[in-house]
Amino acid sequence: MIDLFGVIELFKGYKPWLILIFAALVWIAPLHFAVKFVRGNTNILKSLVYSILSAFLHLFSFLAFSLIKLGEVGIGVGFVLIIWLYSKKFKVGLIRAILIILLQYLFGIAIGFIVNALGIISIKEALIQIGVKI
């Protein structure tokens, strides 16, 4: 079980706005880099908005289909909706939209490794400090 007070204690020495900006940049960077890689039309604000929107689209499609006991179909519908959204809003074709999603996952993994390797936050240490037994 995660100790909420441990999480608060871990980050109490940092400025809250600095953590929020860093978290937002780490969250939107994979999408932004993926769109730029396939030569799509984006900027930081557009990447932020469509990253949030795609997360909500996926969640709502999964929840809607889970109500009728078809949650797996909801995952597929969410994936198709996100492909359509990316192709229209970033002005790329369907194949490039699929490539954006794949690159977004790859860049996300790479950024996670970089953040961990630079010691900005060690995932293992953070989990230990909040009380998770490893």
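Residues numbered from 1 in each chain as written. Predicted model: local features only at pLDDT ≥ 70, side-chain atom pairs only at ≥ 80, totals over all residues. Heavy atoms only, no water.

**Q** Explain the overall build of the chain to me, and be specific about the residues and the numbers.
**A** Helix and strand counts for the chain come out as 6 helices and 0 strands. When the helices and strands of the chain are read in sequence order from the N terminus, they spell out α-α-α-α-α-α. Within the chain, the fraction of its 134 residues that count as buried is 27%. Look at the contacts in the chain between residues 6 or more apart in sequence, and 54% of them connect residues 24 or more apart. By element, 76% of the accessible surface of the chain is carried by carbon and sulfur atoms, the whole surface being about 9,400 Å². (Helix = DSSP H or I, 4+ residues; strand = E, 2+ residues; numbered from the N terminus. Buried < 20%, exposed > 50% of the residue type's maximum accessible area, 1.4 Å probe, protein only. Contact = heavy atoms within 4.5 Å. Areas by Shrake-Rupley, 256 points an atom, 1.4 Å probe, with all protein chains shown as cover.)

**Q** How would you sum up the nonpolar core? Please name residues and give values.
**A** Residues Leu31, Tyr86, Phe90 and Ile100 are the most contacted members of the largest nonpolar core, which totals 15 residues. For tyrosine 86, the residues in contact, after removing those within four places along its chain, are Leu31, Tyr50, Ser54, Lys91, Val92, Ala97, Ile100, Ile101 and Gln104. (Core = buried A, V, L, I, M, F, W, Y, C linked by side-chain atoms within 4.5 Å.)

**Q** Give a detailed account of the packing of aromatic side chains, specifying residues and quantitative values.
**A** In this description, a pair of aromatic rings is defined by centroid distance and the angle of the planes. Overall, the coordinates contain 5 aromatic pairs when judged by the stated rule. The interplanar angle of 80° and the centroid separation of 6.3 Å between the aromatic rings of phenylalanine 37 and phenylalanine 107 together place this pair among those described as edge-to-face. With phenylalanine 37 in helix α2 (residues 16-37) and phenylalanine 107 in helix α5 (residues 94-117), this pair connects stretches of sequence that are 70 residues apart. Overall, the relative accessible area of 57% leaves phenylalanine 37 in the exposed class. Between the aromatic rings of tyrosine 50 and phenylalanine 90, the centroid separation amounts to 5.7 Å while the plane-to-plane angle is 80°, which identifies the pairing as edge-to-face. Taken together, the residues span a long stretch of sequence, with tyrosine 50 in helix α3 (residues 44-66) and phenylalanine 90 in the loop between α4 (71-89) and α5 at a distance of 40 residues. For the pair tyrosine 50 and phenylalanine 90, a shared accessibility class is recorded, and that class is buried. Aromatic rings pair up to connect Phe33, Phe37 and Phe107 into one cluster. (Phe/Tyr/Trp six-rings, centres within 6.5 Å; stacked < 30°, edge-to-face > 60°.)

**Q** Hey, could you go over the packing of α4 against α5 for me, with residue numbers and the actual values?
**A** At their nearest, the axes of α4 and α5 sit 8 Å apart, and the two run at 110° to each other. As summarised for this structure, α4 and α5 are arranged roughly perpendicular, according to the angle between their axes. The two elements α4 and α5 cross, and the hand of that crossing is right-handed. Along its contact with α4, which presents Phe79, Ile82, Ile83, Tyr86 and Ser87, the element α5 presents Leu94, Ala97, Ile98, Ile100, Ile101 and Gln104. (Axes fitted to C-alpha atoms, helices over the stretch in contact; angles between N-to-C directions. Parallel < 35°, antiparallel > 145°, perpendicular 65-115°, else oblique. Left-handed = near helix turned anticlockwise from the far one by under 90°.)

**Q** With reference to specific residues and values, describe α4.
**A** If you check α4, its first and last C-alpha atoms are 26 Å apart, about what 19 residues at 1.5 Å a residue would give, namely 27 Å. The complete set of buried residues in α4 reads Gly71, Gly74, Gly78, Ile82, Ile83, Leu85, Tyr86 and Ser87. Just past α4, the residue lysine 91 takes up positive phi, approximately 55°. (Expected span 1.5 Å × (residues − 1).)

**Q** Would you mind going over the environment of isoleucine 98 in detail, with residue names and values included?
**A** Assignment of secondary structure puts isoleucine 98 in helix α5. For isoleucine 98, a relative accessible area of 32% corresponds to the partly exposed category. Between the alpha carbons of isoleucine 98 and tyrosine 86 there is a distance of 8.6 Å; along the sequence they are 12 residues apart.

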